[in-house]
Amino acid sequence: MAEFGEILRSVGEFGLFQKVLLFALCFPNAILSFHFASVFFVQSDPDRHCDTDWILRAAPALTPEEQLNLTLPRDEGGAFSRCLMFAPVDWDIEAIRDYGLNETTVCRDGWVYRDTLYHHTIVTTFHLVCDRAGLLQVAQAVLMGGNLVGCLLFGPFAESFGRKRATQVPVFLMAIFAAATGLAPNFYVYLASQFLVGIGYGGYRLNSVILATEWIGTCRRSWGACGTQLFGALGLSVLAGLVYAIRDWRQAQFTTAAIFAVISVYIWFVPESARWLMSRGRSQEANQLILKVAAINRRDVPESLLDTVVEKPEEKLGIAVLLQSPLLRKYFFTVLLAWFSLNVAYFSLSFNVANFGLDVFLTQLVFGLSEVPAHLVSVWLLEVLGRKVSVMATLLVGGLLCLLILAVPEGNAVAVTTLVTFGRIFTNWAGSICNVYMQELFPTSFRQTASGLGSIACRAGGLVSPLLNMLAFYHRSIPTIVFSSLTMASGALCFLLPETGRKELPDSIEEAEGNREKMKERGDSRMAPMSCTRL
């Protein structure tokens, strides 16, 4: 009996087919960031005053200065109120001038915005100011909530209907509902559309990595996750240029929808995972795919080898692994807390991109470009320092850098942005390491479940972050103290984790609990990853 890994070594572990497939699945991750355009690039407190055009019915010839003087109260500093107006009356203009207006009310007919950085944002379109200002964080939370639900829905979906469908359906969701978001007539339709976009986002991020890595051999498998992260980082940089050029949230949504419409055409031709087909007993379809891959990679696969391929049956324990093993339960919740904490910090900083003092487009560009080397260096760190030291160091240093933001005066935008950028870099490193840990700590029967639950923890951290930022209303330091302390505490708890570097993946609970190296059973030439040297 031959294993699928042996077949993959015969057809090429990282040949032309795998490279094209990897690019096709990673490219949409550069566009996924565009979904954040309407919640990242906003002026949460734009210069404004109540719309008081009601007075023009009494005196159409009023100058703008006269209109504001007659219809708006002033605050203690002498400036016109931004959230109050004088209540409209049915007097003629002479009576208004003679007696003046005294009764104040909230803005009844919306606001007039001045000196805004953008043409239109969801803040100015849906008037998310004054007593509605908290709805901006609600919009951010709804998008992240959709991401979480996407992980919950499309994890089991992929197991039942395949990796291919679990990547295609989210792309169609994002194309359709990105356009629906741009057409939203009110804030509640906008929220519903963004929630469905978030479901597609979470589902695609989870399953595109799985589909890519299941076609790549062990010698290059890390590129499945690394490529996704790199394209995502580049997308964050491109996002800054997109919004700088467009500056209208509806047009940004239509642009995103158009790109995903193009992606939905080619994503339809992405092949299914042969591993999944075999696990479902569809060996004939898997063999046909394998022969096509071999032809693309210019390799020959003996028919006799295809006839003997078999996947090892997995022990279907699932979540029962944690119920049976207190040790693995400790490892699982330690990594889960770390993954949740670092995402709370990452998205709390990301959603505040407009509030650090520097040009928002430059800040977003720096954020995106800084993540590119972060994901590359994380691979080197894992090999040189090992998993345990790396995850502890990145979480502790990242949390400390975020905490130091409070020691910098509010007006020092350069220092704040520098600390935020490096804080994001370290939390990115930690996220990559947590992803690897989930693969290496747990046995085969629980590995996929662990990765799925880890993704849910990521999205839960993103969901909490905008709600945490709302506490800045009481004091600006509260969100920073909370997510920095949480990140450092989870980094210290990672001391409980074992070192898993350069050890074989465990196949049973006993091997996972013992954290011992397994002897390589195949010492012959079949173990040589020929395709790693002949790409």
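Just so it is clear, the model here is predicted, and its values are computed rather than measured. (Residues numbered from 1 in each chain as written. Predicted model: local features only at pLDDT ≥ 70, side-chain atom pairs only at ≥ 80, totals over all residues. Heavy atoms only, no water.)

### Description of the state of the cysteines
Moving on, step 1. If you walk through the whole model with that rule in mind, you get two disulfides.
Moving on, step 2. Paired by a disulfide, Cys50 and Cys107 hold their sulfur atoms 1.7 Å apart. In this structure, the disulfide formed by Cys50 and Cys107 twists by about -55° around the S-S bond and is classed as left-handed. Here Cys50, found in strand 1 (residues 48-50), pairs with Cys107, found in the loop between strand 3 (104-106) and strand 4 (111-113); they are 57 residues apart in sequence, far enough to count as distant. Neither residue differs from the other here; Cys50 and Cys107 are each classed as buried.
Moving on, step 3. Linked covalently through their sulfurs, Cys83 and Cys130 form a disulfide whose S-S length is 1.9 Å. Across the S-S bond linking Cys83 and Cys130, the dihedral sits near -90°, which makes this disulfide left-handed. Here Cys130 lies in the loop between helix 6 (122-125) and helix 7 (135-161) and Cys83 lies in the loop between helix 4 (64-71) and strand 2 (84-86), a separation of 47 residues in the sequence.
Moving on, step 4. With no disulfide of its own, Cys434 lies 6.1 Å from the sulfur of Cys494, the closest cysteine sulfur.
Moving on, step 5. Its relative accessible area of 1% is what places Cys434 among the buried residues. (Disulfide = S-S within 2.5 Å. Helix = DSSP H or I, 4+ residues; strand = E, 2+ residues; numbered from the N terminus. Buried < 20%, exposed > 50% of the residue type's maximum accessible area, 1.4 Å probe, protein only.)

### Things to note about the packing of helix 8 (residues 163-182) against helix 11 (residues 249-267)
Moving on, step 1. Between helix 8 and helix 11, the shortest axis-to-axis distance is 8 Å and the interhelical angle comes to 155°. Relative to helix 11, the element helix 8 is oriented roughly antiparallel. As for how helix 8 packs across helix 11, the hand of that crossing is left-handed. On helix 11, the residues that touch Gln168, Val171, Phe172, Met174, Ala175, Ala178, Ala179, Thr181 and Gly182 of helix 8 are Trp249, Arg250, Gln253, Phe254, Ala257, Phe260, Ala261, Ile263, Ser264 and Ile267.
Moving on, step 2. When its residues are assigned to classes, the contact of helix 8 with helix 11 shows 13 nonpolar, five polar and one charged. (Axes fitted to C-alpha atoms, helices over the stretch in contact; angles between N-to-C directions. Parallel < 35°, antiparallel > 145°, perpendicular 65-115°, else oblique. Left-handed = near helix turned anticlockwise from the far one by under 90°. Contact = heavy atoms within 4.5 Å. Nonpolar A, V, L, I, M, F, W, Y, C, P; charged D, E, K, R; others polar.)

### Focus on the pattern of salt bridges
Moving on, step 1. Counted by the stated rule, this structure contains four salt bridges.
Moving on, step 2. Note that Arg97 is salt-bridged to Glu66, the shortest N-O span being 3.5 Å. Placement of the pair is Arg97 in helix 5 (residues 93-99) and Glu66 in helix 4, with a sequence separation of 31 residues.
Moving on, step 3. Look at Arg97 and you get partly exposed, because its relative accessible area is 40%.
Moving on, step 4. In this structure Glu66 comes out as partly exposed when scored by relative accessible area, which is 32%.
Moving on, step 5. Taken together, the shared-partner salt bridges in this structure form one network comprising Glu66, Glu94 and Arg97. (Salt bridge = Lys/Arg side-chain N within 4 Å of Asp/Glu carboxyl O.)

### A look at the environment of Gly150
Moving on, step 1. By secondary structure assignment, the location of Gly150 is in helix 7.
Moving on, step 2. Residues Gly150 and Ile199, spaced 49 residues apart in sequence, show a C-alpha to C-alpha distance of 3.8 Å.

### A closer look at the packing of aromatic side chains
Moving on, step 1. Counted under the stated rule, the structure contains 16 aromatic pairs.
Moving on, step 2. Directly above the ring of Trp268 sits Arg165, whose terminal nitrogen or CZ lies 5.1 Å from the centroid.
Moving on, step 3. Its guanidinium or amino end placed over the ring of Tyr244, Arg247 lies 4.5 Å from that ring's centre, counting from NZ or CZ. (Phe/Tyr/Trp six-rings, centres within 6.5 Å; stacked < 30°, edge-to-face > 60°. Lys NZ or Arg CZ within 6 Å of the ring centre and 35° of its normal.)

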